Every structure is written in C-alpha cells, then in structure tokens.
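# Descriptive analysis of the structure
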Amino acid sequence: MAKFLAELLGCALPSKGASAVLESKSHSRVGLKSSTKQKTTIFSTLASEKPLSDCKKEQQWKLPMYSSITPVCFTSPLIEKPIGKESMPQTPPFSAMFDSSGYNRNLYQPADDSCGGLYYHDNNLLSGSLEALIQHLVPNVDYYPDRTYIFTFLLSSRLFMHPYELMAKVCHLCVEHQRLSDPNSDKNQIRKIAPKILQLLTEWTETFPYDFRDERMMRNLKDLAHRIASGEEQTYRKNVQQMIQCLIRKLAALSQYEEVLAKISSTSTDRLTVLKTKPQSIQRDIITVCSDPYTLAQQLTHIELERLNYIGPEEFVQAFVQKDPLDNDKSCYSERKKTRNLEAYVEWFNRLSYLVATEICMPVKKKHRARMIEYFIDVARECFNIGNFNSLMAIISGMNMSPVSRLKKTWAKVKTAKFDVLEHQMDPSSNFYNYRTALRGAAQRSLTAHSSREKIVIPFFSLLIKDIYFLNEGCANRLPNGHVNFEKFWELAKQVSEFMTWKQVECPFERDRKILQYLLTVPVFSEDALYLASYESEGPENHIEKDRWKSLRSNLLGRV
C-alpha cells in the first residue's frame, strides 16, 4: 500500500513526449506521470506536527483551493424535537446534509455536560481527549450528537483505534450508562433512549457499512440491537430487523461487486497475445463498437459512477492511517488499510488510459490513427460537458503517453484545437487552478440541478486523494497536550462528505451492455507492446529508439 500511495501521489500531467503515463502494477506510476526531477512537491516537504493555525498559513500558498472553493455544510442537527415512542429519528440521504451556505461546525454542548475533556471555542468543538470524544458520541435521554459530529468522529476515529474497539466502547457506554442491562430500570427512560441508540447504530451502518464485515463489529451490533428490541415496543424490533437486513444487503452487494472485479481481472489478456492468434483484419476497435462519442462518454460515466459508489468514506482515511504515537501497544496499523475499492477505481483510470493508447496505436494506416485521436478528443469533450472529469483526464493521459505522442506524422493530420482547449482545462499549473474552477462550476450546477444529468460530478480522483493526503499529513492528529485535533478532522470530513454526495448520484443514461463489455474486458497493450506498435507505425528516430525497437521485436514477436 505504501508503494501504491507513493506512486499515486507523485502525479502530474504529462506533456507530449513523456514516457508512459500508467504502467502495469509491478512498476506502475498510478495516475499521471511523475516528474523525473527530484521531488520537491508538497509531499516531500510536509509540515512537521504543529497547530492547525500554523498549517493554515502554509495552505494559503500550497493549496489555494481551500480559500476559493465554496465549502459544503451540514444542516441542522438530526433531532430537532423530543422523540416520543411513535417517532423515530430518520437518517436522510447524504445530499440532504449539505447546502452551499457554508460549513456548519457548531456543536452545542448539552445542558448537563459530564463528559469533560472537550475544548470549545465559540461553540465549535476544536479538540478533546479520545475518551471524552467517545462519550460525546453516545446519546442519552436529553442529548443526541449532531450528525456532523457522528460522521466526522466515525471517519477519523480509525486513526486512533479499530472500529471494532470503538463499537465495543460505545456498546459498553450504552448498556452501562443507560442501564439497558437492568431489568428493573425505568421503562419510560429506556423508551426515551432506545430510539436514539438505534438511530446512532443506523447512521453507522448506513454510512460506514464496510466496518461490519468484521465479525466482531457485527456481533456487538446484534448484541446491542437485541437489548433494544427485547422490550415491549414492537416498533423497535421492526426497526432493528430493517437496519440489519439493509446492512446485510449492502455487504452482499459489495461481495458480488468484488467477485465481478476479480473475474474481469482474471480474464484480462494482453492485446498483443490476441493479435498473434487473430488476424488484425477481424479485430474490432472502439469506433466499430460505438461510433458516437457522446454515447461512449455516457457509458464511461456509467462505469465511473458504479465504481465510485462502492468506495467507502473510510477508505480515504485508511489509505493514510499510521501508528498513533500515544499508543505503544500497537506496532503496525497496516492491517487496517482496507482500500480495495479505492484501488480498483484507480486501476480503472489506468486501464482507460491504456485502452485509449492501444486504440490509437493499433491501426496500421496513418489516417485511421488520426481518426481515432479525433474520436477520443470528442469523447473527452463530452466527458467534460457531462462533468466526468476522471474519464476526461484518463483520456488525455492516454493521448499524452509517449508511444502516442511520438507519432508526429499522425498528429500532423489531426485538428488539435479542441484537444488544446481540453489540455488547458486540465493544466496542472497553479495547482490545477483551471480544473478546480471547472469542478466548482460543476458542483454548483449539481446543487441547483433541474435534471439528473446536471447532478453528475465525477472529480479527477488522483488529485482528490492528493488533496486529502496533504490535509491529513500537513497537520498533527494530536495537539501537544494529547488532545485529538478535531479542528483538522472537521476539514477532512468536509472534503470526504462532498465526495459522498457526488458518488450517490444515479447515472441517468441508458446502459449499453455491448459497449460496457468492450470497455471493461477488451485486451489492451502493455507498455512494451505500445512502444512496439508505435515503432511499427512510425519508425524509430534515433539509435536509442532503434535499439529498443529491435529488443521489443525480439522479445515480443520472436523476430530480429
């Protein structure tokens, strides 16, 4: 995982003539090409542990996006009126938790705050001991935590403890403090607190369902849910059953998705192997499968949204989790780095880039290669219009791979004006300022959308991870007094929550199984095969290229 992240975070948009953008997993540069110069990026000069106020000063020039992007916000607290036995608090869709008025970090202290260890400023929770933060998560008769706090703490707590450890503590507090284990306890008291505890469990299972793949999590959940449902209220039993059934369905869907990914991966074949067994004249290309660039952009959006939907918010944190300096008993957190869905999405970006390069390098005739380049330029433009920035960048990356960019005679026949505009939009200078402006426009369009098509926002994923990485690494998790730096985690939750809104958009376009099958399963060239195809199309220009061409012909084709 460390290598995966290091390669991912060293990304930069390649220029024409750069070496291959994306490579096989054994020697991959995930995302975009990393610079050959000594890396003096923000990731090699990360701030040492310091207060967030100091980090913010540095971010003014390192990450200008934070001052320019309109932050999302959580709306009012979940429970706005006392809960009677007839009313259960409901978890709204994630999109309902946000609006464009600003980020609400207000957490009002309960009238009787016996937790202690929490530091507030202007009613904003800035820091606290880990134990106090855990107690702040657990509801009581007169208090239910704000949804912003629930999401932020469940997201960030895994930097300090396993989710199953947190669940065990929460269950203990619920049982002991609320006297659920006492058969003689006041039934009116239980009637008041039970729906709040059930709501907390529901929010956890709906927002972080993958935590419950751990048997210890599921065991604690069922135990606490059973205590709630064992009373006289039929409604509680029904709600507990619905919660657990919904969770099981989500976990089953995830398992099915992972099986499909594994099947696709196991059947992948190098395109060169296929060409050796099939004459090229009967090989299909992308244009014969889908001649309309807009239709292909729609199908790419289907794949993007499906894969985004399976990424859990916790994966962004688990990708960067490290040892807690105050926890001497745990020597390694590597087992927590469950980021398979995040990695699968990055691998899709790699595949699409290689697919674009393969489709361009494969045709024998120059005019056919030029037509393919123009086709992908049109697809990229349609992706931009849809708001699918990840496919847009993957296509641009594929066309900027060295085996493609060196085809000078082919490019001479291409009308590149539209491509130049797209490259300008995704220009990495000024910390991707042009792209961030376009993303902000797409996000605003999504907030005021009148149709499902206008809701689509698919960010350039490698850059999103890079931003979250910098935010996580740029400031300390703990303050000098040992408190958890919760101000930092508000910012982390703000970025992840915006992604959560985007990933839940349903794709409005009609699925075309034939096109989707081609995009997901058609063999693509390896890097060496791409270079060989490129040299076969337009011969080597110098001795280095000639030597490499001879070596590739010998190794891949068995020719001299």
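Naming follows an unreviewed UniProt entry, where the chain appears as RasGEF domain family member 1B of Canis lupus familiaris.

## Points about the overall build of the chain
A count of helical and extended segments in the chain gives 25 helices and five strands. The buried share of the chain, taken over its 560 residues, is 55%. Relative to all contacts within the chain whose residues are 6 or more apart in sequence, the contacts with residues 24 or more apart total 76%. In the form shown here, the chain has an accessible surface area of approximately 25300 Å², with 49% of it arising from carbon and sulfur atoms.

## A closer look at the side chain of Ser446
Secondary-structure assignment places Ser446 in helix α20 (residues 429-447). Polar contacts involving the side chain of Ser446 include one to the main-chain carbonyl oxygen of Lys455, which spans 3.0 Å. Setting aside residues up to four positions removed in sequence, Ser446 forms contacts with Glu454, Lys455 and Val457.

## A word on the environment of Glu545
Position of Glu545 among the secondary structure elements: in helix α25 (residues 543-557). With relative accessibility at 16%, the residue Glu545 sits in the buried group. In this structure, the C-alpha to C-alpha distance between Glu545 and Tyr531, residues 14 residues apart in sequence, is 9.4 Å. Discounting residues that sit within four places of it in the chain, Glu545 has contacts with Arg406, Tyr535 and Pro540. Polar contacts involving the side chain of Glu545 include one to the side chain of Arg406, which spans 3.3 Å.

## Here's the deal with the pairing of strand β3 (residues 118-121)
Only one face of β3 is buried, namely the one carrying Leu118 and Tyr120, since none of Tyr119 and His121 on the opposite face is buried. Direction of pairing for β3 relative to strand β4 (residues 124-128): antiparallel, over a ladder of four bridges. By the bridge assignment, His121 is partnered in β4 with Asn124. Hairpin connection, β3 to β4: the antiparallel pair is bridged by two residues, and Asp122 has positive phi, about 55 degrees.

## Side note on the pairing of β4
Within a regular beta strand, the side chains point alternately toward one face of the sheet and then the other, so they alternate between its two faces. Of all five residues that make up β4, five are buried, and the element is covered over most of its length. Pairing analysis gives two bridges linking β4 to strand β5 (residues 484-485), with the strands arranged antiparallel. Bridge pairing links Gly128 to Val484 in β5.

## Quick notes on α20
Given a rise of 1.5 Å per residue, 19 residues ought to cover 27 Å, and the 28 Å separating the end C-alpha atoms of α20 matches this to within 8%. Of all the bends in α20, the greatest measures close to 35 degrees and is centred on Arg436. Three or more residues of α20 are buried, namely Phe432, Tyr435, Arg436, Ala438, Leu439, Ala442, Ala443 and Ser446.

## So, the confidence of the model for the chain
Fine structural detail should not be taken from predicted coordinates in areas where pLDDT scores are low. For the chain, per-residue confidence averages 78 on the pLDDT scale, and residues scoring 70 or more make up 71% of the total. A low-confidence stretch, residues 11-15 stays under pLDDT 50, and its non-local contacts, those more than four residues away or across chains, total 19 contacts. In the predicted structure, residues 17-115 sits below a pLDDT of 50 and forms 221 contacts with residues beyond four places in sequence or in another chain.

## What about the nonpolar core?
Of all hydrophobic cores here, the largest spans 148 residues; its most connected members are Leu296, Phe316, Phe376, Met399 and Phe461. Of all the elements, helix α14 (residues 340-361) adds the most residues to this core, at 13 residues. Not counting residues within four places of it along the chain, the set of residues in contact with Met399 comprises Val356, Ile360, Ile373, Phe376, Ile377, Val404, Ser405, Trp411 and Phe419.

## Regarding unusual backbone geometry
Backbone geometry at Asp122 places phi at a positive 55 degrees, although glycine is not the residue there. The exposure class assigned to Asp122 is exposed, which follows from its relative accessible area of 62%. The phi dihedral of Asn123 falls on the positive side, at around 65 degrees, and the residue is not glycine. In this fold, Asn123 is placed in the loop between β3 and β4.

## Some thoughts on helix α21 (residues 461-473)
For α21, built from 13 residues, the straight-helix expectation of 18 Å at 1.5 Å per residue is met to within 8% by its first-to-last C-alpha distance of 18 Å. The element α21 is extensively covered by neighbouring structure, given that 13 of its 13 residues are classed as buried.

## A short note on the packing of α14 against helix α23 (residues 513-521)
Where α14 meets α23, the closest approach of the two axes is 9 Å, and the angle between their N-to-C directions is 95 degrees. One element, α14, and the other, α23, form an angle in the roughly perpendicular class. Contacts between α14 and α23 involve Trp348, Arg351, Leu355 and Glu359 on the former and, on the latter, Tyr518, Leu519, Leu520 and Thr521.

## A word on the sheet that holds β3
Strand pairing in a sheet is mediated by backbone hydrogen bonds. Such pairs are either parallel or antiparallel. The strand order across the open sheet built from three strands is β3-β4-β5, with neighbouring strands paired in antiparallel fashion. Two strands close off the open sheet at either side, each with one partner strand: β3 and β5.

## Observations regarding the pattern of salt bridges
For the structure shown, the criterion picks out 15 salt bridges. Residue Lys169 pairs with Glu131 through a salt bridge whose shortest N-O separation is 3.2 Å. Taken together, the positions of Lys169 in helix α6 (residues 163-177) and Glu131 in helix α4 (residues 130-137) put the pair 38 residues apart, joining distant regions of the chain. Among the salt bridges present, the one from Glu258 reaches Arg213, with a minimum N-O distance of 2.9 Å. Here Arg213 lies in the loop between α7 (187-207) and α8 (215-229) and Glu258 lies in helix α9 (residues 234-266), a separation of 45 residues in the sequence. Looking at Glu258, the relative accessible area reads 17%, which means it is buried. One salt-bridge network, in which partners are shared between bridges, spans Arg213, Glu258 and Arg340.

About the criteria used
Residues numbered from 1 in each chain as written. Predicted model: local features only at pLDDT ≥ 70, side-chain atom pairs only at ≥ 80, totals over all residues. Heavy atoms only, no water. Helix = DSSP H or I, 4+ residues; strand = E, 2+ residues; numbered from the N terminus. Buried < 20%, exposed > 50% of the residue type's maximum accessible area, 1.4 Å probe, protein only. Contact = heavy atoms within 4.5 Å. Areas by Shrake-Rupley, 256 points an atom, 1.4 Å probe, with all protein chains shown as cover. Polar contact = N/O pair within 3.5 Å; in protein donor to acceptor, adjacent residues only side chain to side chain. Pairing = 2+ DSSP bridges. Expected span 1.5 Å × (residues − 1). Bend = angle between axes of the 7 residues up to and from the residue. pLDDT = per-residue confidence, 0-100. Core = buried A, V, L, I, M, F, W, Y, C linked by side-chain atoms within 4.5 Å. Axes fitted to C-alpha atoms, helices over the stretch in contact; angles between N-to-C directions. Parallel < 35°, antiparallel > 145°, perpendicular 65-115°, else oblique. Salt bridge = Lys/Arg side-chain N within 4 Å of Asp/Glu carboxyl O.

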